[in-house]
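These are the residues of each chain, in order.
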Amino acid sequence: MDLSNNDIGSAGFLKLLSRLKKSTALTTLNLSGNNFNENQEKFINLEKFLSRNESCTLLQLSGCKLKSPAMAYIGLGLSKNSTLEKIVLSENDFCGRECIHYLVKGLIDNQEGSKLIDIDLQRNRMTSETVEPFVDLFEENLKIRSINLRHNVITDEGAQLLAQAVVNNAYITKLLCDMNPIRHSILADIEQHTKSNQ
């Protein structure tokens, strides 16, 4: 279901999720480009949708102005989700470490039930500090195959942390960090380690 760029606000988003949480036919939900900036602390329906929906394999929430409160509900939902294979959270504003912490915690808490293998987080103004929780994810979650971190503001420091974490994970096949202010040699190290997992 493609509902991208439809001027759906937070209230409409919550009503929609309430109706779709028990759908068994919905495989794709694209809500990208809608503004969910208001009342994110009340996004319990987002957690319920992720927890209860039994068919959605792709969720796209790119450019929805999601922040920390919404990510807390996403993390809770992912801790119980058993269908989602890809989540697109690009073009939001996850410059604080807390947002990624919620996401990673949800995935670590649901290692056995989760099918999520692909996460798109490009263009979120993520810094080296923001990506630190991924080190824990790479050590504990052995299902994730691809993470897109392109077009953020991750520096050499954060990229080196990611490169070291990828060395110990035999499952990550793509960790896309280009278009960040990172030295080419570090990007080459990351690429070398992820290619050896393919």
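Note that the structure is predicted; figures quoted are calculated from it, not measured. (Residues numbered from 1 in each chain as written. Predicted model: local features only at pLDDT ≥ 70, side-chain atom pairs only at ≥ 80, totals over all residues. Heavy atoms only, no water.)

(A) Fine view of the overall build of the protein chain. Each helix and strand in the protein chain was counted, giving seven helices and six strands. Taken over 198 residues, the protein chain has a buried fraction of 51%. The long-range share in the protein chain, meaning contacts at least 24 apart out of those at least 6 apart in sequence, stands at 86%. Roughly 9,300 Å² of accessible area belongs to the protein chain as shown, and the carbon and sulfur atoms make up 46% of that amount. Charged side chains of the protein chain number 22 positive and 24 negative; the gap between the two group centres comes to 7 Å. (Helix = DSSP H or I, 4+ residues; strand = E, 2+ residues; numbered from the N terminus. Buried < 20%, exposed > 50% of the residue type's maximum accessible area, 1.4 Å probe, protein only. Contact = heavy atoms within 4.5 Å. Areas by Shrake-Rupley, 256 points an atom, 1.4 Å probe, with all protein chains shown as cover. Lys, Arg positive; Asp, Glu negative; His and termini not counted. Charge placed at Lys NZ, Arg CZ, Asp CG, Glu CD.)

(B) Quick peek at the packing of helix H2 (residues 44-52) against helix H3 (residues 68-78). Where H2 meets H3, the axes come as close as 7 Å, and the angle between the chain directions of the two elements is 20 degrees. On the basis of their axis angle, the class for H2 and H3 is roughly parallel. Handedness of the crossing formed by H2 with H3: right-handed. Touching Ile44, Leu46, Glu47, Leu50 and Ser51 of H2 are Ala70, Tyr73, Ile74, Leu76, Gly77 and Leu78, all from H3. When the residues that make up the contact of H2 with H3 are grouped by side-chain class, the tally is eight nonpolar, two polar and one charged. (Axes fitted to C-alpha atoms, helices over the stretch in contact; angles between N-to-C directions. Parallel < 35°, antiparallel > 145°, perpendicular 65-115°, else oblique. Left-handed = near helix turned anticlockwise from the far one by under 90°. Nonpolar A, V, L, I, M, F, W, Y, C, P; charged D, E, K, R; others polar.)

(C) How the structure looks around the environment of Leu31. When you line up the elements, Leu31 lands in the loop between strand E1 (28-30) and H2. Classification of Leu31 by relative accessible area gives buried; the value is 0%. Counting along the chain gives 27 residues from Leu31 to Ser4, while the straight-line C-alpha distance between them is 4.5 Å.

(D) View of the side chain of Ser128. Structurally, Ser128 is set in the loop between strand E4 (118-120) and helix H5 (133-140). For Ser128, the side chain forms a polar contact with the side chain of Thr155, separated by 2.7 Å. Setting aside its immediate chain neighbours within four residues, Ser128 contacts Val153, Ile154, Thr155, Glu157 and Gly158. (Polar contact = N/O pair within 3.5 Å; in protein donor to acceptor, adjacent residues only side chain to side chain.)

(E) How the structure looks around H2. Listed as buried for H2 are Asn45, Leu46, Glu47, Phe49, Leu50 and Ser51. Tucked inside the fold, the buried residues of H2 contact helix H1 (10-20), E1, strand E2 (58-60) and H3.

(F) The arrangement of the packing of aromatic side chains in detail. Tallying each qualifying case throughout the model produces three aromatic pairs. Relative to Phe138, the ring of Phe134 lies with its centre 6.2 Å away and its plane at 20 degrees, an arrangement referred to as stacked. One end of the pair is Phe134 and the other is Phe138, both in helix H5 and four residues apart, which spans about a single turn. Phe138 matches Phe134 in its accessibility class, with the two residues each being buried. Taken together, Phe13, Phe36 and Phe43 form an aromatic cluster joined through their ring pairs. (Phe/Tyr/Trp six-rings, centres within 6.5 Å; stacked < 30°, edge-to-face > 60°.)

(G) Region of the structure containing the sheet that holds E4. An order of E1-E2-E3-E4-E5-E6 is seen for the six strands of this open sheet, with the pairing classed as parallel. Whereas interior strands pair on both sides, the edge strands pair on one side only; in this sheet they are E1 and strand E6 (174-176). On average, each strand axis in the sheet is tilted by 5 degrees relative to the strand beside it, whichever way the strands run. Alignment of E4 against strand E5 (residues 146-148), held across three bridges, turns out to be parallel. Bridged to Asp120 within E5 is Asn148. (Pairing = 2+ DSSP bridges.)

(H) Fine view of the nonpolar core. If you look at the biggest cluster of nonpolar residues, it comprises 58 residues, and the most contacted ones within it are Ile74, Phe134 and Leu149. Listed by contribution, the elements that provide at least two residues to this core are H1, H2, H3, helix H4 (97-109), H5, helix H6 (156-167) and helix H7 (184-195). With six residues, the top contributor of residues to this core is H4. Apart from the residues lying within four places of it in its own chain, the contact partners of Leu149 are Leu121, Gln122, Met126, Val131, Phe134, Ile154, Leu162, Leu175, Leu176, Cys177 and Asn180. (Core = buried A, V, L, I, M, F, W, Y, C linked by side-chain atoms within 4.5 Å.)

(I) Spotlight on unusual backbone geometry. For Asn5, which is not glycine, the phi torsion reads 50 degrees and is therefore positive. Along the polypeptide, Asn5 turns up in the segment before H1. The phi dihedral of Asn39 falls on the positive side, at around 55 degrees, and the residue is not glycine. Mapped onto the secondary structure, Asn39 falls in the loop between E1 and H2.

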